[in-house]
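The lines below spell out each chain.
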Amino acid sequence: MNEAWLTIPATIYAPHAPVRQRRALRDLVLVIGASAATFLLSSAFQLREWLTDITRPLERYQIDELPLTFAVLAVSLAWFAWRRWRHAEEELQLRVAAQQALVAHEAQYRTLFMENLAGTALASAQGEILLCNPAFIRMLGLEHASQARGRNFGQFYADKDLWQKHQQALAAGRKLEIGVLELRGASGIEVKAIACVQPHRSPGVSAGLLVFLADISELQIMQRELADALAENRLLSQKYLMVQEDERRNLARELHDELGQCLNAIKLDAVVIRDMVQGRQPEIEVSAKAIVELSGHVYEVVRGIMQRLRPAALDALGLRDAVEHLLGQWRRGNPGVDCRFVAGGDLSDLDEMLNITVYRLAQECLTNIAKHARAAHVTVSLERRDPHELLVAVADDGCGLDAAAKRTGLGLIGLRERVEALSGRLHLATEPGKGLTVSAVLPVTAQH
Ligand SMILES: Nc1ncnc2c1ncn2[C@@H]1O[C@H](COP(=O)(O)OP(=O)(O)OP(=O)(O)O)[C@@H](O)[C@H]1O
Ligand SMILES: [Mg+2]
């Protein structure tokens, strides 16, 4: 896979310091040897005397001063050369350090490029792939860099027209950020990727393209599976809630028909007994009266249970009036709280599940307010925003939700389930000491 990477051209490496020192020593020995040989030759042939004799006629031009001058010049040149050598040495060291840093950086970037999980490629302006990393090769279902190099990136586009459009945009110097790019790799495998393609220009290199790809094929499959599972879950919750409501309705009917009738019969019998013994058998009369009262009381309790099981008002009156009725009952139980009801839009054509969900939401929120909120004002609003959406909100000005408190209740959880089963959204807005607003946006579907 290494050939996928373009290496920086090999640069000139300076020889190591000991080698350089050895060479300098050898040159020095040569200089000393040449000087010694000159001295020996001069001594043997009396060269200076000979020079003096030759230059005597030129005494008036001070030629005889030249040897000393040349000697000083030679020493100065030696010093000059030494200084230049030292400078060259320092410069060389800097270059070597820079070279080493460059090599280290190259290794770093090489690793980043090669090990990057995102597919990265460098292509010519026309899209011909020049260089790519292993992730890029993998993503396109290839086995080797050589299979990608030389091919046009556009060949891997599932939609060839899109590649034309992208090329035009890139030629105009635009950077492309593509949310989902569909690619078709080797042997037709479909790849979905988040892509970024941008024009690339650097000095000395002809213009090209940089391509970055992040494979999201698996993610998309997972997302789809998750969405399917969620939809199934919703359907299941919806079914479960429908069954639950049915069961409650049956139970309420049974209570009404069986227990209610029996209680009424008991009450009527007790009334007959009471009337029969009135003024004659006081003990039986007292017992009969007690039975009448008790059966009346039990009937009231059963009626309350029936109401909670199945809000009869919902069937009889429709949503708006049923909520109104609920509020009326609640006001009687909480006389110190100012409770307002605001309803807007047409609420008459909502399906049964929606009606029950809204009713149960109002019921649970009102119960919560009575139990937990210590509120002075409550507003319940129902608003049909448009034909397809219903907003229901219950707001109070009580103590608000305690974020730190551990919640063990099931009311709010159940509400969320109900709302989400209808593909709605439940929202809780609260601030300590400023109350709580529970609101839900519910989609309205045609009534079956
Ligand atoms: N209107 C409100 N004001 C202040 N706190 C509230 C309000 N509604 C709910 N809470 C807080 O949120 C918690 C959870 O409410 P939830 O209705 O889920 O449970 P619960 O009412 O305690 O029990 P359950 O509803 O199961 O009988 C409550 O215990 C209470 O602390
Ligand atoms: Mg509750």
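Residues numbered from 1 in each chain as written. Chains lettered and ligands numbered in written order. Predicted model: local features only at pLDDT ≥ 70, side-chain atom pairs only at ≥ 80, totals over all residues.

1. Comments concerning the domain arrangement of the protein chain
What counts here: What fixes the domain bounds is an automatic or database domain assignment.
Partitioning the protein chain into domains gives domain 1 (2-108), domain 2 (116-215), domain 3 (221-310) and domain 4 (317-443). Distance between the C-alpha centres of domain 2 and domain 3: 70 Å.

2. Thoughts on the packing of helix α10 (residues 319-333) against helix α11 (residues 352-373)
To be explicit about the condition: Between N-to-C directions, angles cover 0 to 180 degrees, with each direction set by a line fitted to C-alpha atoms, over the stretch in contact for helices. We count a stretch as a helix when DSSP gives it H or I for four or more residues in a row; a strand needs E for two or more, and each element gets its number in order from the N terminus. Note on terminology: angles under 35 degrees are roughly parallel, angles over 145 are roughly antiparallel, angles of 65 to 115 are roughly perpendicular, and the others are oblique. Two helices cross in a left-handed way if the nearer one is turned anticlockwise from the farther one by less than a right angle. They cross in a right-handed way if the turn is clockwise. Residue pairs qualify as contacts under a 7 Å threshold applied to their C-beta atoms, which are placed from the backbone. Put simply, Ala, Val, Leu, Ile, Met, Phe, Trp, Tyr, Cys and Pro go in the nonpolar bin, Asp, Glu, Lys and Arg in the charged bin, and everything else, Gly too, in the polar bin.
Taken N-terminus to C-terminus, the directions of α10 and α11 make an angle of 15°; their axes are 10 Å apart at the nearest point. The orientation of α10 relative to α11 falls into the category roughly parallel. α10 and α11 meet at a crossing whose hand is right-handed. Across the interface between the two elements, Leu319, Ala322, Val323, Leu326, Trp330 and Gly333 from α10 touch Asn355, Val358, Tyr359, Ala362, Gln363, Leu366 and Ala370 from α11. Class assignment of the residues belonging to the contact of α10 with α11 gives a composition of ten nonpolar, three polar and no charged.

3. So, the sheet that holds strand β9 (residues 425-430)
Note the cut-off: In this description, strands pair whenever DSSP reports at least two bridges between them.
Pairing is mixed in the open sheet, where five strands are placed in the order β6-β7-β8-β10-β9. Each of the sheet's edge strands pairs with one partner strand only, and the pair in question is β6 (338-344) and β9. Put simply, the sheet's adjacent strands are angled 10° from each other on average, direction ignored. Judged from the seven bridges that link them, β6 and strand β7 (residues 377-386) form a sheet pairing that is parallel.

4. A look at unusual backbone geometry
For residues other than glycine, phi is negative in most cases, and the peptide bonds are mostly trans. Put simply, the rule reads: Any residue with 12 or fewer other C-beta atoms within 10 Å of its own C-beta is exposed, any with 20 or more is buried, and the rest are partly exposed; the C-beta atoms used are placed from the backbone.
A positive phi angle is found at glutamine 62, which is not glycine, with a value near 60°. Structurally, glutamine 62 is set in the loop between α2 (47-55) and α3 (66-115). On the neighbour-count criterion, glutamine 62 (10 C-beta atoms within 10 Å) is exposed. Even without being a glycine, serine 187 presents a positive backbone phi close to 50°. For serine 187, the location among the structural elements is in the loop between β3 (176-184) and β4 (190-202).

5. Quick notes on the nonpolar core
The condition that has to hold: Any nonpolar core is a set of buried residues, restricted to Ala, Val, Leu, Ile, Met, Phe, Trp, Tyr and Cys, that join up through C-beta atoms within 7 Å.
Counting residues in hydrophobic clusters, the biggest one holds 36 residues, and the most contacted among them are Ala362, Val392, Val394 and Leu442. Broken down by secondary-structure element, the contributors of at least two residues to this core are α10, α11, β7, β8 (389-396), α12 (411-421) and β10 (436-443). Broken down by element, this core gets its largest block of residues, nine residues, from α11. Sequence-distant contacts of valine 394, defined by excluding residues within four places in its chain, comprise Ala362, Cys365, Leu366, Val380 and Val438. Counting 23 residues, the second largest nonpolar core, distinct from the first, contains Phe153, Leu181, Val197 and Val211.

6. Considering the pairing of β7
Threshold: By the criterion used throughout, a crossover qualifies as right-handed when its path from the first strand across the helix to the second strand runs clockwise, the strands pointing away from the viewer.
A crossover connection joins β6 to the parallel β7 through α11; in handedness this β-α-β unit is left-handed. In this structure, β7 lies alongside β8, joined through eight bridges in antiparallel fashion. Bridged to threonine 379 within β8 is alanine 395. The antiparallel hairpin formed by β7 and β8 contains two residues in its connecting segment.

7. Re the site of ligand 1
For clarity, the cut-off: Nearness is defined per residue: the C-beta atom, placed using the backbone, must lie within 6 Å of the molecule or strand.
As a structural note, the neighbourhood of ligand 1 is formed by 18 residues, with Asn368, Ala373, Gly409, Gly411 and Leu412 the closest of them. Of all the secondary structure elements, the ones that give two or more residues to the shell around ligand 1 are α11 and α12. With five residues, the single largest contributor to the shell around ligand 1 is α11. Residue classes in the shell around ligand 1 are distributed as nine nonpolar, six polar and three charged.

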